[in-house]
Amino acid sequence: MASNQILTVSQMQAAEQALVDAGETVSTLMERAGAGAADWIWRVAAGRAVTILCGPGNNGGDGYVIARVLAARGLTVRVIAPFSPKTPAARAAREAWGGEPVETAKGGVFVDCLFGSGLARALDQVLETRLCELAAAHDLCVAVDVPSGIDCDSGEVLNDTLPIYDLTIALGAWKFAHWMMPAMQLMGERRLVDIGVAFDWDAAQLAERPVLSPPEADAHKYSRGLLAVVGGEMPGAGVLAASAAMRGGAGYVKLYAGAEPGLVPPDLVVVHDGLDELLADERIAALLVGPGLGRSEEARARLAFVLGCDLPTVCDADALHLLTADMLEGRLSPLIVTPHAGELDALGHTFGSVGLDRVEQVSDLAEALEAVVVAKGPDTMLGAPGTPVVVMPPASAWLSTAGTGDVLAGLIASRLAVGMDSPLGIALEGCWLHREAARLAGPAFSAGDLLDHIPDAYGVLL
Ligand SMILES: NC(=O)C1=CN([C@@H]2O[C@H](COP(=O)(O)OP(=O)(O)OC[C@H]3O[C@@H](n4cnc5c(N)ncnc54)[C@H](OP(=O)(O)O)[C@@H]3O)[C@@H](O)[C@H]2O)[C@@H](O)CC1
Ligand SMILES: [K+]
């Protein structure tokens, strides 16, 4: 059964080998992959002609299977083959197709079977131009497995100019490039064809939508979770995070920051003095520190004090620039950090995970901090100690506005105060609430507008 696992090229090769060891042949796998891809292409072609560009490897082999299947269903199929097939399975697939390649074609659906997971370098200029011209000459573009010219594992785009596809049909399992920037921008809609690849416990996962619960019938504000948000110099960010947290499931949110009364919604409790007294409250279920904290020495001392309380904590924003290993010494409670790309780099410098690719960086940092790392951005990725990374499906690009990170931190902290799942599950709940709220908010929202959509987002996840 197709799963949401994301495999590296070497994991994919191992999976293919395991199937071959179990008695399959590469040709039967190619047949399955090609037939599955042909089904999708048949649907989107809706009777239009199909042009398939076939490369030298097994991605090209898939193309010949697709050509044969679609021609047998009565579609006009044109194959363009700048290379002759180099693998036994691709050669057999071309023979079974039995047609004559053409030099060029236009109109209908263009199918890219030039290169898949075996791409070893950027396309040369001639191939790049040919690929782009063919894509431009057709009404609809489909990439088989992955678009040609991208690195499957890193999501890097190796050529300056590549087509943007309407549909990408992943074969056997997702690759990181399907869900990682910048390659994911080329994919269009994504569909997965199952070819029998087994579930790999060491594989990364594409996040699945969590299911939240309503409060128990006898719930009260403390049983639902008391969250303290510790801010600092810039109270607006703390107010935003706390306002999100009030809608994320926690029963009670207290904000410690010098917020002006005019800035504070009436249902948010603001504490101005006595941080030690506030944090000594045994009813506190979780803490959020960082949004609006500042980076002064006072902020650093405040962060150290908060972390020293050893309560379940979310660290965001300024806290991520101030965080050092000694502040985490002896901590036993869950920690979740929510860095954007710049903060991830800052943490990498402090905790020694620079020069790695993004997946390794997130995993390494999770191990070093013994924390859940939510590397937020257009391709949000979550890491936890001893667990492969989890990648969020893309969210609204309108989230790229100031303050939405504070809202995310507030939501994750709220889920941490509710505390019904593992720290990784909790972080995912917050990310999904954020994603759903952004979807419901539509275009051009501000971070404050997002707050109004959190209750409906919650409703979607119940
Ligand atoms: N895994 C599975 O279970 C299944 C996988 N399947 C399919 O197989 C695909 C992977 O196939 P693959 O390994 O043959 O690699 P593929 O991408 O077709 O090309 C490699 C060839 O291209 C060449 N080459 C590379 N870069 C180049 C460049 N820039 N410019 C020019 N040439 C370049 C390279 O030769 P090189 O020049 O590097 O020696 C080699 O000849 C996978 O994506 C999926 O579609 C399914 O069929 C069934 C089940
Ligand atoms: K391809």
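- Labelled according to an unreviewed UniProt entry, the protein chain appears under the name Bifunctional NAD(P)H-hydrate repair enzyme, originating from Alteraurantiacibacter buctensis.
- Annotation of the protein chain in UniProt includes, under Subunit (unreviewed entry), the sentence "Homotetramer."

## Comments concerning helix α13 (residues 404-418)
Okay, step 1: For α13, built from 15 residues, the straight-helix expectation of 21 Å at 1.5 Å per residue is met to within 8% by its first-to-last C-alpha distance of 21 Å.
Okay, step 2: Across the 15 residues of α13, 14 count as buried, placing the element largely inside the fold.
Okay, step 3: A positive phi of about 65 degrees marks G419, the residue just after α13.

## Quick look at the coordination of the potassium ion (ligand 2)
Okay, step 1: In this structure, N59 (OD1), D112 (O), F115 (O), V144 (O) and V146 (O) serve as the protein donors to the potassium ion (ligand 2), at separations of 2.6 to 2.9 Å.
Okay, step 2: For the potassium ion (ligand 2), the single-chain donor residues occur in sequence as N-x52-D-x2-F-x28-V-x1-V. Here F115 lies in the loop between β4 (109-113) and α5 (125-136) and N59 lies in helix α3 (residues 58-72), a separation of 56 residues in the sequence. Of the two residues examined, N59 and F115, each falls in the buried class.

## Overview of the sheet that holds strand β11 (residues 269-271)
Okay, step 1: Strand order in this open sheet of 11 strands is β1-β8-β17-β16-β15-β14-β13-β12-β9-β10-β11, and the pairing throughout is mixed. Strand pairing shows two members of the sheet lacking a second neighbour, β1 (5-6) and β11, which therefore form its edges.
Okay, step 2: Strand direction decides the pairing type here: strand β16 (residues 381-384) and strand β17 (residues 387-391), joined by three bridges, are antiparallel. Counted as the bridge partner of A384 is T387 from β17.
Okay, step 3: Running at roughly 175 degrees to strand β10 (residues 252-256), helix α6 (residues 235-247) makes contact with β9 (226-230), β10 and β12 (284-289) of the sheet.

## Quick notes on the domain arrangement of the protein chain
Okay, step 1: Taken as a whole, the protein chain is organised into domain 1 (5-204) and domain 2 (226-461).
Okay, step 2: Taking only C-alpha atoms, the centre of domain 1 and the centre of domain 2 are 40 Å apart.
Okay, step 3: Between domain 1 and domain 2, the contact holds 11 residues from the first and 10 residues from the second.
Okay, step 4: Across the domain 1/domain 2 interface, buried area totals approximately 830 Å², and carbon plus sulfur atoms make up 80% of it.
Okay, step 5: There are zero salt bridges connecting domain 1 and domain 2.
Okay, step 6: Across the domain 1-domain 2 interface, the total number found is one residue pair in polar contact (both at pLDDT 80 or more).
Okay, step 7: Grouping the amino acids of the side of domain 1 that touches domain 2 by side-chain chemistry returns nine nonpolar, no polar and two charged.

## Some points on the UniProt feature "binding site: K(+)" (unreviewed entry) in the protein chain
Okay, step 1: Within this numbering scheme, the UniProt entry marks N59, D112 and S148 as carrying the feature "binding site: K(+)" (unreviewed entry). These annotated residues cover 90 residues of sequence, but their C-alpha atoms sit close together, with the largest distance between any two at 9.7 Å.
Okay, step 2: When sequence neighbours within four positions are dropped, the list of residues in contact with N59 reads D112, C113, L114, F115, G116, V144 and D145.
Okay, step 3: Within the secondary structure, D112 is located in strand β4.
Okay, step 4: Look at D112 and you get buried, because its relative accessible area is 0%.
Okay, step 5: For D112, the contacting residues outside a window of four places in its chain are L53, N59, L131, V142, A143, V144, V146, P147, S148 and Y165.

## A few points about a negative patch on the surface
Okay, step 1: Residues D357, E360, D364, E367 and E370 make up a contiguous surface patch of negative charge.
Okay, step 2: Here E360 is to be found in helix α12 (residues 358-369).
Okay, step 3: Of the residues examined, E360 reaches a relative accessible area of 39% and is grouped as partly exposed.

## Observations concerning the side chain of K175
Okay, step 1: Residue placement: K175 occurs in the loop between β6 (167-171) and β7 (189-193).
Okay, step 2: On the accessibility criterion, K175 (1% relative accessible area) is buried.
Okay, step 3: Here the side chain of K175 touches D145 through a polar contact of 2.8 Å, side chain to side chain.
Okay, step 4: When neighbours within four sequence positions are excluded, K175 is seen to be in contact with I6, L7, M12, D145, V146 and C152.

## Things to note about the sheet that holds strand β3 (residues 77-80)
Okay, step 1: As summarised here, the arrangement of the six strands in space is β3-β2-β4-β5-β6-β7, forming an open sheet in which the pairing is parallel. Every interior strand has two partners, whereas the edge strands, β3 and β7, have only one. Direction aside, the axes of adjacent strands within the sheet are offset by 20 degrees on average.
Okay, step 2: Its contacts with the sheet place α5 against β2 (50-54), β3, β4 and β5 (140-144), and it is angled at close to 155 degrees to β4.

## Details of the pattern of salt bridges
Okay, step 1: Applying the stated rule across the entire model yields 16 salt bridges.
Okay, step 2: Here R130 makes a salt bridge to E103, at a shortest N to O gap of 3.6 Å. Of this pair, R130 sits in helix α5 while E103 is found in the loop between α4 (88-97) and β4, placing the two residues 27 residues apart along the sequence.
Okay, step 3: Looking at E103, the relative accessible area reads 63%, which means it is exposed.

## A few points about the site of ligand 1
Okay, step 1: Near ligand 1, the surroundings consist of 20 residues, among which N59, D62, G116, R121 and D145 are the closest.
Okay, step 2: Residue N59 places a side-chain N or O atom 2.8 Å away from an oxygen atom belonging to ligand 1.
Okay, step 3: One of the backbone nitrogen or oxygen atoms of S117 is found 2.9 Å away from an oxygen atom of ligand 1.
Okay, step 4: When ligand 1 sits alone it has 940 Å² of accessible area, and the protein chains cover 80% of it.
Okay, step 5: At the level of elements, α1 (9-21), α2 (26-45) and α3 are the ones that each hand at least two residues to the shell around ligand 1.
Okay, step 6: The element contributing the most residues to the shell around ligand 1 is α3, with three residues.
Okay, step 7: Of the residues assigned to the shell around ligand 1, the class counts are 10 nonpolar, six polar and four charged.

Reading the values: the criteria
- Residues numbered from 1 in each chain as written.
- Chains lettered and ligands numbered in written order.
- Predicted model: local features only at pLDDT ≥ 70, side-chain atom pairs only at ≥ 80, totals over all residues.
- Heavy atoms only, no water.
- UniProt positions renumbered as here; feature names shortened; annotations may be inferred.
- Helix = DSSP H or I, 4+ residues; strand = E, 2+ residues; numbered from the N terminus.
- Expected span 1.5 Å × (residues − 1).
- Buried < 20%, exposed > 50% of the residue type's maximum accessible area, 1.4 Å probe, protein only.
- Donors = N, O, S within 2.8 Å, 3.2 Å for Na, K, Ca; no water.
- Pairing = 2+ DSSP bridges.
- Contact = heavy atoms within 4.5 Å.
- Axes fitted to C-alpha atoms, helices over the stretch in contact; angles between N-to-C directions.
- Domains from an automatic or database assignment.
- Buried area = accessible area lost by both parts, 1.4 Å probe.
- Salt bridge = Lys/Arg side-chain N within 4 Å of Asp/Glu carboxyl O.
- Polar contact = N/O pair within 3.5 Å; in protein donor to acceptor, adjacent residues only side chain to side chain.
- Nonpolar A, V, L, I, M, F, W, Y, C, P; charged D, E, K, R; others polar.
- Patch = residues over 30% accessible without salt bridge, like charges linked within 9 Å, V, L, I, M, F, W, Y side chains within 5 Å.
- Areas by Shrake-Rupley, 256 points an atom, 1.4 Å probe, with all protein chains shown as cover.
- Lys, Arg positive; Asp, Glu negative; His and termini not counted.
- Charge placed at Lys NZ, Arg CZ, Asp CG, Glu CD.
- Near = heavy atom within 4 Å.

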